[in-house]
Amino acid sequence: MNRLGWLLVKDKFWEAYETNRLIEEFQKQDIDIQLVDPNTIDIFVNKENKKSIVVNGLESDLPRFVFPRTGSGTTYYIKAVIRHFERMGVPIINSSDAIDNVKDKLYSHQILAESNLDIPKTMLLKHPIDVEFVEKNIGFPAIVKTISGSYGRGVFLAETKKQFKQLLSMAELTKPKYNIIVQEFIKDTWGKDLRVLVVNNKVVGCMMRQSIESSKALNLDISGVDLLFDNGGYKICEVNSNPGFEGMEKFTGKNIAGEIVSFINLKVGMQNG
């Protein structure tokens with residue numbers, strides 16, 4: 001039986017902690033893993049399909065499974081590569097649709113709200129931006145986010161209307177027609193939040209044990225869920241399809257990489273065994 005899987009990681013992240021830990025755990029569970037930069041893959045769409053993958057100019061057999069670790073950096077090209085594998089029946093850990101669900105922050109909040117999960121009040125801003133309308137419906141302070149981004153990139157705090165206007169002016173200098181969302185400021189969580197790492201709908205790393213329905217709603221096999229404390233409860237701030245877990249392993253002492261690999265082994269065995 002083919003035990004070779006592909007770990008799709010952009011080459012600049014090949015030396016990352018998470019990449020090395022996953023490779024280590026795959027080896028421990030006797031699973032051959034090949035590190036592949038998705039940008040080195042060429043695909044051909046043809047009737048046969050089975051010989052339509054080329055890596056670094058060389059024709060390649062299909063892997064046993066594909067595990068994309070590209071998250072919000074999943075470009076159209078990378079998504080097309082992932083979908084190509086899906087169409088050929090290769091198991092994907094976090095499907096292309098699931099990655100799409102969380103790459104767009106507004107869309108992920110729409111899905112979460114539809115599933116009756118608690119999220120901060122969120123608004124998509126349209127041009128020209130009506131600051132008075134934002135103040136009336138969201139208020140200040142407010143959190144301003146770009147549609148796509150992770151690891152805190154593209155997230156800003158506007159404490160006052162004046163700061164909000166200044167932020168918009170700066171954004172317009174770099175990109176006149178930008179897409180951003182604005183969210184209510186959850187004061188209980190200022191300076192603290194909670195990262196929960198979820199594998200197969202189960203919490204594998206967290207200080208507070210909760211049922212995390214957001215991963216299920218967004219159809220994610222593996223996710224990082226950021227929670228904001230709010231009046232004794234919590235609201236879902238963000239969900240990431242490519243969560244880092246270096247701090248989680250060191251803080252909790254849990255083998256997060258091992259949990260991920262065990263799940264992949266189980267999923268691939270169920271689908272292809």
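The coordinates are above.
Parameters at a glance
- Residues numbered from 1 in each chain as written.
- Predicted model: local features only at pLDDT ≥ 70, side-chain atom pairs only at ≥ 80, totals over all residues.
- Heavy atoms only, no water.
- Salt bridge = Lys/Arg side-chain N within 4 Å of Asp/Glu carboxyl O.
- Helix = DSSP H or I, 4+ residues; strand = E, 2+ residues; numbered from the N terminus.
- Buried < 20%, exposed > 50% of the residue type's maximum accessible area, 1.4 Å probe, protein only.
- Pairing = 2+ DSSP bridges.
- Axes fitted to C-alpha atoms, helices over the stretch in contact; angles between N-to-C directions.
- Contact = heavy atoms within 4.5 Å.
- Polar contact = N/O pair within 3.5 Å; in protein donor to acceptor, adjacent residues only side chain to side chain.
- Core = buried A, V, L, I, M, F, W, Y, C linked by side-chain atoms within 4.5 Å.

Looking at the pattern of salt bridges
Enumeration over the complete set of coordinates arrives at 17 salt bridges. In this structure, the salt-bridge partner of Glu25 is Lys28, at a minimum N-O distance of 3.4 Å. Remark: Lys28 and Glu25 occur in helix 1 (residues 17–28); sequence separation between them is three residues, near one turn of the helix. By relative accessible area, Lys28 is classed as exposed at 58%. In this structure, Arg195 engages Asp226 in a salt bridge whose closest nitrogen and oxygen atoms are separated by 2.6 Å. In this pair, Arg195 is assigned in strand 11 (residues 194–199) and Asp226 in strand 13 (residues 222–230), connecting sequence segments 31 residues apart. The class of Asp226 is buried, set by a relative accessible area of 15%. Linked by salt bridges that have partners in common, Arg21, Glu24, Glu25, Lys28 and Glu249 make up one network.

A short note on the sheet that holds strand 1 (residues 4–8)
Sheet architecture is open: three strands sit in the order 2-1-6, paired in parallel fashion. Every interior strand has two partners, whereas the edge strands, strand 2 (32–36) and strand 6 (65–68), have only one. The sheet shows a mean angle of 25° between the axes of neighbouring strands, direction not considered. Relative to strand 2, strand 1 runs parallel, the two sharing five bridges. From the neighbouring strand, Trp6 faces strand 2, where its bridge partner is Gln34. Helix-sheet contacts for helix 1 involve strand 1, strand 2 and strand 6, and the interaxial angle to strand 2 is about 155°.

Re helix 4 (residues 105–114)
Of the residues making up helix 4, those classed as buried are Lys105, Leu106, Ser108, His109, Ile111 and Leu112. Sitting at the amino-terminal end of helix 4 is Asp104, which places a side-chain oxygen 3.0 Å from the backbone nitrogen of Leu106. Downstream of helix 4 by one or two residues, Asn116 has phi in the positive range, about 65°.

Examining the nonpolar core
Ranked by size, the top nonpolar core spans 23 residues in total, and within it Leu22, Phe26, Phe65, Phe67, Phe245, Ile260 and Ile264 carry the most contacts. When contributions to this core are tallied by element, the ones reaching two or more residues are helix 1, strand 6, strand 11 and helix 9 (256–272). The element contributing the most residues to this core is helix 9, with seven residues. Sequence-distant contacts of Phe26, defined by excluding residues within four places in its chain, comprise Ile31, Ile33, Phe65, Phe67, Val261 and Ile264. In this structure, Val198, Leu220, Val225 and Val239 belong to the second largest nonpolar core, which totals 17 residues.

Digging into the pairing of strand 1
Extensive coverage of strand 1 is indicated by the burial of four of its five residues. Of the pairings in the sheet, the one linking strand 1 to strand 6 comprises four bridges and is parallel in character. Note that in strand 6 the partner of Trp6 across the bridge is Val66.

Considering the side chain of Ser215
Along the chain, Ser215 turns up in helix 7 (residues 213–217). Apart from the residues within four sequence positions on either side, Ser215 is in contact with Val198, Asn201, Leu220, Ser223 and Val225.

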